[in-house]
Amino acid sequence: MSFGAASFVCRTTRTVGLVLFYYVFSIGITFYNKWLMKGFHFPLFMTLVHLAVIFCLSALTRSILQLWTGKPRVVLKWAVYFRKVAPTAMATALDIGLSNWSFLFITISLYTMTKSSAVLFILLFSLIFKLEEPNPFLILVVLLISSGLFMFTFHSTQFNMEGFVMVLLAAFIGGIRWTLTQLLMQKAELGLQNPIDAMYHLQPLMFLGLFPLFLYNEALNLSMSEKLFRVTELRHLLYSLLMLTVGGLLAFGLGFSEFLLVSKTSSLTLSISGIFKEVCTLLLAASLMGDQLSMLNWLGFAVCLCGISLHVGLKTFYSKSKSCFF
């Protein structure tokens, strides 16, 4: 085997390995949260525990990196922290909180399909913040994704309006979230290009932003629940805490695996692998969770994927055109 062929095989193997690593956490946390919600009906408290675990692991990772490199990690001043990071943290907290909350009401397949519509809102806010240039093909992208979503939810046997509205609202807020995240990480003066540093700074404000909603909606019921505060046996308490912590580890692993995939390959690889991840999630939901999907639902999913694929293709084409021009 020539050196060029060996190098290609090595790069391909590494890329496939990173994609599978990302799939384990991305698909794993979706099914894990849905499974956990069957017996633990406190999604906002679960999200708060996840945020605490992510913060602790981010702080630990930063300390290890600082010892390894000998260079101090970035720590933002309070004024900059609240002014620049707070909007992104609030949007991220609501996106994740509503997404986890929706698992009480809807199936994984409906969640996956509806969450895919976040591309529409990311596109909308990217145009508003001038991160994306308008072009006529974007109209086709919007039509494909929105019509695919309509076909998927039309006459769905397992449709729940409350859960659907929650995920749709989460997708809308997710559009704001990822647009603000992009702006935050592109500001070189903040020094948050490394997602570990970004996660470390985001988690405390996300926790504070979601905590009032938890107090209003879940605190009283949780205080009277035998899952935690009124537990009769210590092993039941330890089991609940362990299950919540495992979800936090998966959430941290998802962020870390996304960073690895983008840094070692490209954002295009993440986008394309995300499309196939949706397919895998729906197939697993139908086979493992018993989600019922009609032919019209599958057709709607295919139409939606075409819209997402077109959007990824357009971004690739225009980015290459710009690089060739400059």
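See the structure above.
All figures in this text were calculated on a predicted structure; none of them were measured in a lab. (Residues numbered from 1 in each chain as written. Predicted model: local features only at pLDDT ≥ 70, side-chain atom pairs only at ≥ 80, totals over all residues. Heavy atoms only, no water.)

## Comments concerning the overall build of the protein
Heads up, the rule is: Strands are runs of DSSP state E lasting at least two residues, helices are runs of H or I lasting at least four, and both sets are numbered from the N terminus onward. Any pair of residues with heavy atoms lying within 4.5 Å of one another is described as a contacting pair. Shrake-Rupley sampling with a 1.4 Å probe provides the accessible areas, and residues are treated as covered by the protein chains on show and by no other component.
Of regular secondary structure, the protein possesses twelve helices and zero strands. When the helices and strands of the protein are read in sequence order from the N terminus, they spell out α-α-α-α-α-α-α-α-α-α-α-α. At a minimum sequence separation of 6, the contacts of the protein that also span at least 24 residues come to 83%. Carbon and sulfur atoms make up 72% of the accessible area of the protein, which totals about 17200 Å².

## Let's talk about the nonpolar core
For clarity, the cut-off: Definition of nonpolar core: a set of buried residues of the types Ala, Val, Leu, Ile, Met, Phe, Trp, Tyr and Cys, connected through side-chain atoms within 4.5 Å. Under the scheme applied here, a residue whose accessible area is under 20% of the maximum for its type counts as buried, over 50% as exposed, and between as partly exposed, the area being computed with a 1.4 Å probe on protein chains only.
Grouped together as the largest cluster of nonpolar side chains are 78 residues, with contacts concentrated most on Phe 40, Phe 45 and Val 85. Looking at this core, the element that brings in the most residues is helix H1 (residues 3-37), giving eleven residues. Excluding its chain neighbours within four sequence positions, the residues that come into contact with Phe 40 are Phe 45, Leu 222, Lys 227, Leu 228 and Leu 244.

## Section: the side chain of Thr 30
Going by this rule: We call two N or O atoms a polar contact when they sit within 3.5 Å, provided that within protein one can donate a hydrogen and the other can accept it, with sequence-adjacent residues counted only if both atoms are side-chain atoms.
Tracing the chain through its elements places Thr 30 in helix H1. Reaching out from Thr 30, the side chain makes a polar contact with the backbone oxygen of Ser 26 at a distance of 3.1 Å. If sequence neighbours within four positions are ignored, Thr 30 has contacts with Phe 103, Ile 108 and Tyr 111.

## What about the packing of helix H2 (residues 43-69) against helix H8 (residues 195-217)?
Basically, it comes down to this: Between N-to-C directions, angles span 0 to 180 degrees; the directions come from axes that are lines fitted to C-alpha atoms, helices contributing only their stretch in contact. Each angle gets one of four labels, with under 35 degrees taken as roughly parallel, over 145 as roughly antiparallel, 65 to 115 as roughly perpendicular, and the rest as oblique. Crossings are sorted by hand: turned counterclockwise from the far helix by less than a right angle, the near helix makes the crossing left-handed, and turned clockwise it makes it right-handed. Three classes are used, and their members are as follows: Ala, Val, Leu, Ile, Met, Phe, Trp, Tyr, Cys and Pro are nonpolar, Asp, Glu, Lys and Arg are charged, and the others, Gly among them, are polar.
H8 packs onto H2 with a crossing angle of 160° between their chain directions and a minimal axis gap of 9 Å. Here H2 is positioned roughly antiparallel relative to H8, judged by the angle of their axes. As for the relative orientation of H2 and H8, their crossing is left-handed in sense. Counted by class, the contact of H2 with H8 contains 17 nonpolar, six polar and two charged residues.

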